[in-house]
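Structural description and commentary
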Amino acid sequence: AYEIRPRDWSSDVCSSDLLSSGSIWSALAVPDAATAAVADLRRLAWEVREPVASAEGLQIDATRDNGACRLTVVVEPLGSRTALVVYLGDGCPQP
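A few points on the structure. (Residues numbered from 1 in each chain as written. Predicted model: local features only at pLDDT ≥ 70, side-chain atom pairs only at ≥ 80, totals over all residues. Heavy atoms only, no water.)

1. Thoughts on the overall build of the protein
The number of helices and strands found in the protein is one helix and seven strands. Counting from the amino terminus, the protein carries its helices and strands in the arrangement β-β-α-β-β-β-β-β. With 95 residues in all, the protein has 42% of them scored as buried. Counting only contacts in the protein whose residues sit at least 6 apart along the sequence, the fraction spanning at least 24 positions is 40%. Total accessible area computed for the protein in this model is approximately 5800 Å², and 49% of it derives from carbon and sulfur atoms. (Helix = DSSP H or I, 4+ residues; strand = E, 2+ residues; numbered from the N terminus. Buried < 20%, exposed > 50% of the residue type's maximum accessible area, 1.4 Å probe, protein only. Contact = heavy atoms within 4.5 Å. Areas by Shrake-Rupley, 256 points an atom, 1.4 Å probe, with all protein chains shown as cover.)

2. Some points on the pattern of salt bridges
In total, this model carries two salt bridges according to the counting rule given. Here Arg-43 makes a salt bridge to Asp-40, at a shortest N to O gap of 3.4 Å. In this pair, Arg-43 and Asp-40 are both assigned in helix 1 (residues 30-43), three residues apart and thus about one turn of the helix distant. Assessed through its relative accessible area of 5%, Asp-40 is described here as buried. Among the ionic pairs, Glu-50 bridges to Arg-42, the shortest N-O distance being 2.8 Å. Looking at Arg-42, the relative accessible area reads 39%, which means it is partly exposed. (Salt bridge = Lys/Arg side-chain N within 4 Å of Asp/Glu carboxyl O.)

3. Details of the state of the cysteines
Enumeration over the complete set of coordinates arrives at one disulfide. One disulfide bridge connects Cys-69 with Cys-92, the sulfur atoms lying 1.8 Å from each other. Its S-S torsion of about 105° marks the bond between Cys-69 and Cys-92 as right-handed, since a negative value means left-handed. Separated by 23 residues along the polypeptide, Cys-69 in strand 6 (residues 69-78) and Cys-92 in the segment after strand 7 (81-88) bring together distant segments of the chain. (Disulfide = S-S within 2.5 Å.)

4. Considerations on helix 1
Counted at 1.5 Å a residue, the expected span for helix 1 with its 14 residues is 20 Å, and the 20 Å between its end C-alpha atoms agrees. Along helix 1, the residues that are buried comprise Val-30, Ala-33, Ala-34, Ala-36, Ala-37, Val-38, Asp-40 and Leu-41. Just beyond helix 1, the residue with positive phi is Ala-45, at close to 75°. (Expected span 1.5 Å × (residues − 1).)

5. Considerations on the nonpolar core
The biggest cluster of nonpolar side chains holds 21 residues, and the ones touching the most others in it are Trp-46, Ile-60, Leu-71, Val-73 and Val-75. Mapped by element, the contributors of at least two residues to this core are helix 1, strand 5 (58-64), strand 6 and strand 7. At six residues, the largest contribution of residues to this core is made by helix 1. Excluding residues within four positions of it along the chain, Val-73 makes contact with Leu-41, Leu-58, Gln-59, Ile-60, Leu-84, Val-85 and Val-86. (Core = buried A, V, L, I, M, F, W, Y, C linked by side-chain atoms within 4.5 Å.)

Read these as layout, nothing more, since geometry by itself doesn't imply function.
As structure tokens, this is what we get:
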């Protein structure tokens, strides 16, 4: 229901150790990957705040279902790629 499949991102999704989280790898630069993530989240009916600077890159916060489901995407450089780490809040359905 909350799947993100941007056209420009890699299809490799790696599960992390965090509950309801995962990483998406992109060949796009951090600003471009964040822009693609925001566009796709909005297309999927998420209420998305504009990205804000984080320690290494950008952070995107979004909500859905009248704020019951919260999502954070941290977009950071990782070697020659960009990592988009997705965190789903407790109020979101399990992926």
